[in-house]
Amino acid sequence: MKLFLSVLLCISFLCNAQTIAWKNKSDLPAEGRDDAIAFAINGYGYCGTGNTFGWSGSNRFFKYDSEKDTWIEVASFPGVSRQYTNVFVINSKAYLICGALTTNEVTQEVWCYDSKEDIWVQKNNFPAAARCGAYSFTINQHGYFGCGQGVERYSDFWKYDPTDDHWERIADFPDGGRREGISFSCGGFGFAGLGVTTFDDAGHTDEIYKYNPLTNEWTSITPYPGGATSYAKAESFDVFAIVGGGQEGLLNFQSDFYMYDVLEDSWIQLEDYPEGGIRGAASFAIGNTVYFCTGLREDIIKTKSLYSLSVSISVSETKWQQSIRLFPNPSFGQIIITGKDWNTSTTLKIFNTEGKIVYNSIVYQGTINLNYLNSGAYILQLEREDGTVFSKKLHLF
């Protein structure tokens, strides 16, 4: 399947190179820390809270401009300082959920940061047990949060609706209680996995699960190639996720990073983290560039460094190929295709993962109904009368 998909994509245009490289950016202009919170809103990164020295915390928050490579300080977090907090972003607002307070307690608090007004507002408490080190992600303007540890390890999962500040319980995480793992959303799905499986830090796992919001079901994906890991970090863009760092066992800090392809359910290894082993880092994504900052290094120094990792594929395309727009992708069954200089003899073919043609017709710009096709990954191929071909991965729910 992977060979067929790769070959079909490459025959439509000349693939020149794929480059993946870490770059050192401006440090966070504050104390080094680990287990902080970071997120991106409207093309800007944000980072704050976390554990600075000993059990000391910080309430300061900072905004990062990737074009200028500069930080500015924004409104400080108004609650008790904390770490092991989770976050999801909905529109221009970030929601911080639960966490471990510097008063040596775990909390049910939920706080909302409005990036337009630069203010914090406390929301209704999370309705289940107080916890820290949980999973969280965003799908279709709803937040998702679950697992973690408080007086025990939890496997419950919840969906948050910001329109009425309401939580609804959904399907439990399928593999028991977890904490200090990784979570992200990508391609219309939520992903959660890795982490600590025992009440202490002794038990770890390499398992990751995918959540389908349409069916309210969890399914396992290809295990993480970095092995059983906790305190790692993940960030996603398009249909890819970058995962890495963390610790294996009690003090074996990890420096390896991997990229996950949602459509192919496959991993490739990337360059190691520039500062060596790192755990408890914070991360955000702007476009196809992910940023990892702060964290506890293997020399037990709490860093304030910021590094970016950009993923790009250089291709030679015609102006017609460059003009093609296909959306939505992923899709629930209907897609829209547009482009310049459209040829009236343009043929659309859609291939399944076995290479079988499941759609073959002359098409015009506009809406195409594919509701009869099963959910899964496909390759869409447009061919003009002059032989010019455009190919793209398509995912149907």
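This text goes with the structure placed above it.
Residues numbered from 1 in each chain as written. Predicted model: local features only at pLDDT ≥ 70, side-chain atom pairs only at ≥ 80, totals over all residues. Heavy atoms only, no water.

### Things to note about the environment of Gly43
Inspection of the secondary structure assignment puts Gly43 in the loop between β2 (37-41) and β3 (44-48). Under the relative-accessibility criterion, Gly43 is labelled partly exposed at 40%. In the structure, Gly43 is positioned 23 residues away from Ser66 in sequence and 8.0 Å away in space, judged by C-alpha atoms. Discounting residues that sit within four places of it in the chain, Gly43 has contacts with Ser66 and Ile286. (Helix = DSSP H or I, 4+ residues; strand = E, 2+ residues; numbered from the N terminus. Buried < 20%, exposed > 50% of the residue type's maximum accessible area, 1.4 Å probe, protein only. Contact = heavy atoms within 4.5 Å.)

### Some remarks on the nonpolar core
Core analysis: the largest hydrophobic core is formed by 35 residues, its most contacted members being Phe184, Phe191 and Ile242. Looking at this core, the elements with two or more residues in it are β15 (182-186), β16 (189-193), β19 (233-237), β20 (240-244), β23 (257-261), β27 (289-297) and β28 (302-316). Those residues in contact with Ile242 that sit more than four places away from it in its chain are Lys233, Ala234, Glu235, Phe237, Phe257, Tyr258, Met259, Leu270, Val290, Phe292, Leu309 and Val311. (Core = buried A, V, L, I, M, F, W, Y, C linked by side-chain atoms within 4.5 Å.)

### What to know about the packing of aromatic side chains
What characterises a pair of aromatic rings is the spacing of the ring centres plus the angle enclosed by the ring planes. For the structure shown, the criterion picks out 44 aromatic pairs. Summarising the aromatic geometry, the rings of Phe126 and Trp167 are spaced 5.2 Å apart at their centres and angled 80° between planes, so their arrangement reads as edge-to-face. With Phe126 in the loop between β10 (119-122) and β11 (135-139) and Trp167 in strand β14 (residues 166-170), the pair connects residues that are 41 residues apart, well separated along the chain. Relative accessible area serves as the criterion here: at 7%, Trp167 is assigned to the buried category. Here the aromatic cluster, defined as three or more aromatic residues joined through ring pairs, consists of Tyr135, Phe137, Tyr144, Phe157, Phe173, Tyr209, Tyr211 and Trp218. (Phe/Tyr/Trp six-rings, centres within 6.5 Å; stacked < 30°, edge-to-face > 60°.)

### Observations concerning the environment of Lys93
One can find Lys93 in strand β8 (residues 93-101). Once residues within four sequence positions are removed from consideration, Lys93 is found in contact with Ile41, Phe88, Cys112, Tyr113 and Asp114.

### What about the pairing of β3?
Burial of β3 is extensive: four of the five residues sit out of reach of the surface. With five bridges connecting them, β2 and β3 associate as antiparallel partners. Looking across to β3, one finds that Ile41 is bridged to Tyr44. Between β2 and β3, which pair antiparallel and follow one another directly, the connecting turn spans two residues, one of which, Asn42, has a positive phi of 50°. Where β3 lies against strand β4 (residues 61-65), five bridges are found, and the strand directions are antiparallel. Bridge pairing in β4 places Cys47 opposite Phe62. (Pairing = 2+ DSSP bridges.)

### Things to note about the sheet that holds β4
What holds strands together in a sheet is hydrogen bonding between their backbones, with the strands either parallel or antiparallel. Spatially, the four strands line up as an open sheet ordered β2-β3-β4-β5, and their pairing is antiparallel. Each edge of the sheet is formed by a strand with only one pairing partner; in this case those strands are β2 and β5 (70-74). Strand-to-strand twist across the sheet, computed as the mean angle between neighbouring axes with direction ignored, equals 25°. As defined by bridge partners, β4 adjoins β5 across five bridges and the pair is classed as antiparallel. The residue bridging Asp65 from the neighbouring strand is Thr70, located in β5. (Axes fitted to C-alpha atoms, helices over the stretch in contact; angles between N-to-C directions.)

### So, the pairing of strand β34 (residues 376-383)
With seven of eight residues buried, β34 is to be regarded as a mostly interior element. In this structure, strand β31 (residues 347-351) lies alongside β34, joined through five bridges in antiparallel fashion. Bridge pairing in β34 places Ile350 opposite Leu380. In this sheet, strand β35 (residues 389-396) lies alongside β34 in antiparallel orientation, the contact comprising eight bridges. Note on β35: the bridge partner recorded for Glu383 is Val389. From the end of β34 to the start of β35, which pair antiparallel, there are five residues, and Gly387 there has a positive phi angle of about 90°.

### Focus: the pattern of salt bridges
In total, this model carries 12 salt bridges according to the counting rule given. Between Arg33 and Glu31 there is a salt bridge, and its shortest N-O distance comes to 3.2 Å. Under the relative-accessibility criterion, Glu31 is labelled partly exposed at 31%. Arg82 is the partner of Glu109 in a salt bridge, and the nearest nitrogen-oxygen pair spans 2.8 Å. Here Glu109, found in strand β9 (residues 106-114), pairs with Arg82, found in strand β6 (residues 82-83); they are 27 residues apart in sequence, far enough to count as distant. The exposure class of Arg82 is buried, given its relative accessible area of 2%. Look at the salt bridges and you will find they share partners, linking Asp261, Glu264 and Lys393 into a network. (Salt bridge = Lys/Arg side-chain N within 4 Å of Asp/Glu carboxyl O.)

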